[in-house]
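An overview of the molecular structure
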Amino acid sequence: MLPSRSTLSLEIRFREEGASVTASTSDQETVLVIGATGRHGGTGARVVERLQTARRLVRALVRSDDDRAQRLRESGAQTLVGDLHDRRTLLPALDGAGSVYVAYPVAAGIVDALANVASVIRELGSSPHVVMMGNGAADHNAASGIAREHALADELLLQLGVNFTSVRGCAFFYENVLLLHSDAIRETGVFANCFGDARPAWISAADAGDLCATALLDPQHHANSPIIYPPGHELLSQHQIADIISEETGREVRYQYITANDWRRQLLAHSGGLPNQAMIQHITTQAKMCEDNTTILRKDIDPSALAAASGRPPLTFRNFVRQHRSAFGAVTADA
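Numbers given to residues run from 1 along each chain, matching the order in which its sequence is written. Note on the predicted model: pLDDT of at least 70 is required for a residue's local features to be given, and 80 or more for side-chain atom pairs to be given and counted; whole-chain, interface and lining totals, by contrast, use all residues. Note: side-chain values were computed over all heavy atoms of the structure, leaving out hydrogens and water.

In this section: the sheet that holds strand E3 (residues 78–81). Strands are labelled as partners when DSSP assigns at least two bridges between them. Segments assigned H or I by DSSP are reported as helices when at least four residues long, segments assigned E as strands when at least two residues long, and all are numbered from the N terminus. The seven strands are arranged E3-E2-E1-E4-E5-E6-E10 in an open sheet whose pairing can be described as parallel. Lying at the two open borders of the sheet, with one neighbouring strand each, are E3 and strand E10 (227–228). Pairing of strand E2 (residues 57–62) with E3 involves four bridges; the strand directions are parallel. Following the sheet pairing, Val-62 is matched in E3 by Val-81. Here, residues are in contact when the closest pair of their heavy atoms is within 4.5 Å. Axis definition: a line fitted to C-alpha atoms, over the contacting stretch in the case of helices. Angles run 0 to 180 degrees between N-to-C directions. Of the strands in this sheet, strand E5 (129–133), strand E6 (164–167) and E10 are in contact with helix H5 (residues 145–159), which crosses E6 at around 165°.

Here it is in structure tokens:
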């Protein structure tokens, strides 16, 4: 088993009470969203939607001025081209921002990136509320390199006095199944990994984004701790995932257990750079730790709390599959 969490990793549950997203600051506050065009999960795009509904002025930091950036502008957001790893580009992005959302990709480098953010905040003499999509496995002694980096990044911001909230989600995204397994499911009807019989918590990226939007729009809701552990929506095993995909696509889909090393080699051979190597190491390590019951990931599920944060019922995995039936090789007619 891993050692117990440090005092930094405060075990604070997401609380349903008072979870409304009533604005507590001026309607015209500018919120900087970093990761608004992220491809995996897309929590940044969901946060932008929620902020605009709440009449916030949205400024998005984008890596390139592409079609995704154009769609942001068409929605009413301001876009600035920049890079978290180029401190020079962060000065105009952070200047005048009352809040910041950071959705760093599942990749290495978050410590250097957030050090740049903290440095610019210090230079500007401002104190924006920074909300980060954190990592529920964050720990200085974690087997995952990404988890260790997230623990260090949180500690860094605490020590530098940044006003921040780390939303350490412990639930796996439904989108992982799409990213990691849809090709195999579509082509062979069989997907393999090292989760085994484990039943971890799962959540849609949209619902995770709503939790982050709540932290931005109602900062007092989490005023007692900079580190929170929000709930997932449902507990699912890989066999249950296979059954749901089978039922929703009209074809037989089976789950096959393989070792972490075999899954890692499989992902490296077929990834084409997505997922990247750091993500491959992270997801295979987390899956193995779920399977052998050494994970520190929480298994809290609370659909009512998710509904309170979003104002709608949370998305089930079954409905997620329905939204992506063709990607999973559906043979039945669309509903």
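Right, picking up where we left off after that structure.
Before going further, it helps to spend a moment on empty space enclosed by the protein. Buriedness of a pocket was judged along seven lines, with at least five required to meet protein on both sides within 12 Å; pockets are open sets of points on a 1 Å grid over the protein atoms alone, cavities are sets where a 1.4 Å probe fits but cannot get out, and lining residues have an atom within 4 Å of a point. Grid points are joined across faces, edges and corners, and a volume is the space filled by probe spheres set on the points. Going through the model one piece at a time under the given rule, you end up with one cavity of 30 Å³ or more. Considering only enclosed or pocket space, the largest cavity measures out at about 50 Å³ in volume. Along the walls of the largest cavity sit Asn-176, Val-177, Leu-180, His-181, Asn-193, Phe-195, Trp-202, Gln-238, Trp-263 and Ile-283, which together make up its complete lining. Looking at which element gives the most residues to the lining of the largest cavity, the answer is helix H6 (residues 174–188), with four residues. Among the residues forming the lining of the largest cavity, the class breakdown is six nonpolar, four polar and no charged. When residue character is reported, Ala, Val, Leu, Ile, Met, Phe, Trp, Tyr, Cys and Pro are called nonpolar, Asp, Glu, Lys and Arg charged, and the others, Gly included, polar.

This part is about the packing of aromatic side chains. In this analysis, rings of Phe, Tyr and Trp, with Trp reduced to its six-membered ring, are considered paired at centre separations within 6.5 Å, and the interplanar angle assigns stacked below 30 degrees, edge-to-face beyond 60, and tilted for intermediate values. On inspection of all chains with the given rule, the structure shows eight aromatic pairs. Pairing Tyr-174 with Phe-320 gives two aromatic rings, centres 5.6 Å apart and planes at 45°, and the pair type is tilted. Taken together, the residues span a long stretch of sequence, with Tyr-174 in helix H6 and Phe-320 in helix H12 (residues 317–323) at a distance of 146 residues. Put simply, the rings of Phe-172, Phe-195, Trp-202 and Trp-263 pair up and form one aromatic cluster.

Before going further, it helps to spend a moment on the environment of Val-47. Here Val-47 shows up in helix H1 (residues 43–53). Through-space distance from the C-alpha of Val-47 to that of Ala-36 is 7.8 Å; in sequence the pair is eleven residues apart. Those residues in contact with Val-47, other than ones at most four positions away along the chain, are Val-33, Tyr-101, Gly-209, Cys-212, Ala-213 and Leu-216.

Further remarks concern the sheet that holds strand E7 (residues 172–173). An order of E7-E9-E11 is seen for the three strands of this open sheet, with the pairing classed as mixed. Two strands close off the open sheet at either side, each with one partner strand: E7 and strand E11 (234–235).

Time to look at the pairing of E6. Accessible area is worked out with a 1.4 Å probe on protein chains only. A residue is then buried under 20% of its type maximum, exposed over 50%, and partly exposed in between. Burial of E6 is two-sided: the residues Phe-164 and Ser-166 facing one way and the residues Thr-165 and Val-167 facing the other way are all buried. Bridge count between E5 and E6: four bridges; the pairing is parallel. Bridged to Met-132 within E6 is Ser-166. We call a crossover right-handed when, viewed with the strands running away from us, the connection from the first strand over the helix to the second turns clockwise. A crossover links E5 with its parallel partner E6, the connecting element being H5, and its sense is right-handed. Sheet topology places E6 next to E10; two bridges connect them, and they run parallel. Across the sheet, the residue bridging to Ser-166 is Ile-227, located in E10.

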